[in-house]
Amino acid sequence: MKKQKVFPRSAGILMPVFSLPSPYGIGSFGQAAYEFVDFLKAAGQKYWQVLPLGPTSYGDSPYQSFSAFAGNPYFIDLDLLRQEGLLVQEELDAVAWQEKENDIDYAGLYQNRFPVLKKAFARSVHQSMEEYRGFCRENQAWLDNYSEYMALKTKFGGREWLKWPEPLRRREPEALREALAPLSGEVDFWRFCQFKFFQQWEKLRAYAHSQGIGLIGDIPIYAAMDSADTWAEPEVFYLDEECRPIDVAGCPPDAFSATGQLWGNPLYRWDYQRETGFAWWKRRMASTARLYDIVRIDHFRGLCGYYAIPAGNKTAEVGEWRPGPGLAFFEAVQGSLGSTQWILEDLGYLTPDVHRLRRRVGAPGMKVLQFAFDSREESDYLPHNYDANCVVYTGTHDNDTMAGWMRTAPRADVRFSKRYLNIRRGMEPSWEYIRAAYGSVASLAVVPLQDFLGYGSEARINTPSTLGQNWRWRLSPGVLSEALAERIRSFAALYGRA
């Protein structure tokens, strides 16, 4: 297969859309997003990296989505709908959107956001618009299934589809027609939400491009069990005759978790994928490529070999490794990406075959500085071990912030990092880790915004294998100053990344 070229030397900032400031409880594609693009340009950055944009389900994780293709309706900006005449300010002001400007109340969003979106839907004339009809035609392969799934999920009080009446679980045509007949308005509401999501995102992406900013996005390797994907196309997944998972996805015990990570996603029937020429994945890659300029393939090692845990297990301690599709997958889907490039998330338990596959694909892997300073052994994540074809991060969404790491990591590791980086009393440690990333030979350096701000563990995005307090941090308005942008720009220029 044709190898990807090494990225030009550059820098980017990791900032989830949901973490943007907003008066309406969660970040969106509105004014704050455009202001963040302006900040990136002023800071000499080339890329904005976001987390997956799909509709979140139980646990609020963007890696557990109701659809591998759809967008999160929470990201539809309400002020933009107001400017279209679909909402009035009094309706927005009548809702208690948030108690804390730095936190996301997902339960409150679930209760309050959709009634407001339905008011916009009721006033919309989208059905008469050729833009809307074209959107429905272009995305029919997933849009109808997703909209019907969400309409039925609403009808059944949000219950997962495995708990629906059996004829609907099995998608028996007569049962589907009978159940969906009175729900045509609800189905169209979910189509409307997707239309507005993609309409607003495409305008934001076009603005980013006009300012010289590219978008990096994640594609989670697995689909959620409770999703339109598994309901509509169960043959794609490793399910039994009752459409229940046989084995599920996760990671064995590692540095993140002593009992491993039990994700619970259904595994793929890779034999079926090969027989169909990876058709489902081609559609998914093509859909993702329309969103981003660079796609980070989450859990890349699962395409070489994946960890299978018997369904029903409470932890990931018991499981087995199985061979993945390997190079055949990349050869099949490469054409679906067009000009979009890859980053391969090659973290975790890596065997020689994983390294060989990454070299054959040619796309850059990842280096995470927080993993570099194990005082017990030499690490591939230490900057002197990098080659140019990699992307270096101080930390990812699964890590603590650098300031938080310095307070919670083993003392010997922190001391080693200070020796390695020559961090002295009076320095700002977060900026010294950023200096190490920027000064390395890695072609691209991506830093979470929290590290530029020196924030501690209160600004952590996710703690793996926990529920309830993740994916909630948001930035306060007015924090992104001209002085901060200039300081970042000077750093980027100093190390040839501006």
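Residues numbered from 1 in each chain as written. Predicted model: local features only at pLDDT ≥ 70, side-chain atom pairs only at ≥ 80, totals over all residues. Heavy atoms only, no water.

**Q** What is the right way to look at the overall build of the chain in this model?
**A** The number of helices and strands found in the chain is 19 helices and 12 strands. In summary, the chain has a C-alpha radius of gyration of 23 Å against a globular reference of 23 Å for 498 residues, a match within 12%. Viewed in the frame of its principal axes, the chain has a C-alpha envelope of about 70 × 55 × 40 Å. A total of 498 residues make up the chain; the buried ones form 60% of that total. When contacts within the chain are restricted to residue pairs at least 6 apart in sequence, long-range pairs at least 24 apart make up 75% of them. (Helix = DSSP H or I, 4+ residues; strand = E, 2+ residues; numbered from the N terminus. Rg over C-alpha atoms; globule rule 2.2 N^0.38 Å. Buried < 20%, exposed > 50% of the residue type's maximum accessible area, 1.4 Å probe, protein only. Contact = heavy atoms within 4.5 Å.)

**Q** What is the right way to read unusual backbone geometry from this model?
**A** If a residue is not glycine, its phi is most likely negative; likewise, a peptide bond is most likely trans. Here the phi dihedral of Asn422 falls at roughly 55°; this positive angle occurs in a residue that is not glycine. Here Trp471, not a glycine, exhibits a phi torsion of approximately 60°, which is positive. Inspection of the secondary structure assignment puts Trp471 in the loop between helix 18 (449-453) and helix 19 (482-494). On the accessibility criterion, Trp471 (5% relative accessible area) is buried.

**Q** Hey, could you run me through the sheet that holds strand 7 (residues 305-310) in this one?
**A** Either a parallel or an antiparallel arrangement is found when strands of a sheet pair, and the pairing is made through backbone hydrogen bonds. In spatial order, the strands read 5-4-7-8; together these four strands make up an open sheet with antiparallel pairing. Every other strand in the sheet has two partners, leaving strand 5 (261-266) and strand 8 (320-323) as the edge strands with one partner each. Sheet twist, expressed as the mean angle between neighbouring strand axes with direction ignored, is 45°. The sheet contact formed by strand 7 and strand 8 spans four bridges and is antiparallel. Directly across from Tyr306, in strand 8, lies its bridge partner Arg322. (Pairing = 2+ DSSP bridges. Axes fitted to C-alpha atoms, helices over the stretch in contact; angles between N-to-C directions.)

**Q** What should I look at first to understand the pairing of strand 6 (residues 294-297) in this one?
**A** For a regular strand, side chains alternate in direction, first toward one face of the sheet and then toward the other. Side-chain alternation along strand 6 places Ile294 and Arg296 on one buried face and Val295 and Ile297 on a second face that is also buried. Where strand 3 (residues 214-219) lies against strand 6, four bridges are found, and the strand directions are parallel. Pairing of Asp218 across the sheet is with Arg296, part of strand 6. Inspection of the sheet shows strand 6 paired to strand 9 (residues 341-344) by four bridges, in the parallel sense. Each residue of the ladder has a partner; that of Arg296, found in strand 9, is Ile343.

**Q** Please explain the packing of aromatic side chains as it appears in this structure.
**A** The description of an aromatic ring pair uses the distance of the two centres, along with the angle that the planes make with each other. On inspection of all chains with the given rule, the structure shows 56 aromatic pairs. Look at Phe237 and Trp280: their rings are 5.8 Å apart centre to centre, the planes differ by 80°, and that puts the pair in the edge-to-face class. Of this pair, Phe237 sits in the loop between helix 10 (228-232) and strand 4 (247-251) while Trp280 sits in helix 12 (residues 279-289), and the two are 43 residues apart along the sequence. Among the residues examined, Trp280 registers a relative accessible area of 3% and is labelled buried. (Phe/Tyr/Trp six-rings, centres within 6.5 Å; stacked < 30°, edge-to-face > 60°.)

**Q** I would appreciate a short explanation of the side chain of Gln200 in the present structure.
**A** As for its position among the elements, Gln200 is in helix 9 (residues 184-210). For Gln200, a relative accessible area of 4% translates into the label buried. Dropping the residues within four chain positions of it, Gln200 is found in contact with Phe29, Tyr34, Phe75, Ile76, Asp77, Leu80 and Leu81.

**Q** In this structure, what is going on with the sheet that holds strand 3? I would like to understand it.
**A** Pairing in this open sheet of eight strands is parallel, and the strands run 9-6-3-2-1-12-11-10 from one edge to the other. Both edges of this open sheet fall to strand 9 and strand 10 (365-368), since each of them pairs with a single strand only. Pairs of neighbouring strands in the sheet enclose a mean axial angle of 25°, with direction left out of account. Each of strand 3, strand 6 and strand 9 touches helix 12; the most contacted strand, strand 3, lies at about 150° to it.

**Q** Help me out: how do you make sense of helix 4 (residues 106-123) in this one?
**A** An α-helix turns once per 3.6 residues; consequently, residues spaced three or four apart project the same way. For helix 4, spanning 18 residues, the distance from its first C-alpha to its last is 26 Å, which sits close to the expected 26 Å at 1.5 Å a residue. When the local axis directions of helix 4 are compared, the greatest deviation, roughly 25°, occurs at Asn112, which is followed within four positions by the proline Pro115. Within the sequence span of helix 4, burial applies to Tyr106, Gly108, Leu109, Arg113, Phe114, Val116, Leu117, Ala120 and Phe121. Buried-residue contacts for helix 4 involve helix 2 (78-83), helix 3 (89-93) and helix 9. (Expected span 1.5 Å × (residues − 1). Bend = angle between axes of the 7 residues up to and from the residue.)

**Q** I would appreciate a short explanation of the pairing of strand 7 in the present structure.
**A** Burial within strand 7 is extensive, with five of its six residues counted as buried. Here strand 4 runs beside strand 7; their pairing, made up of three bridges, is antiparallel. Looking across to strand 7, one finds that Ala249 is bridged to Ala308.

Keep in mind that these numbers describe shape and distance, not what the molecule does.
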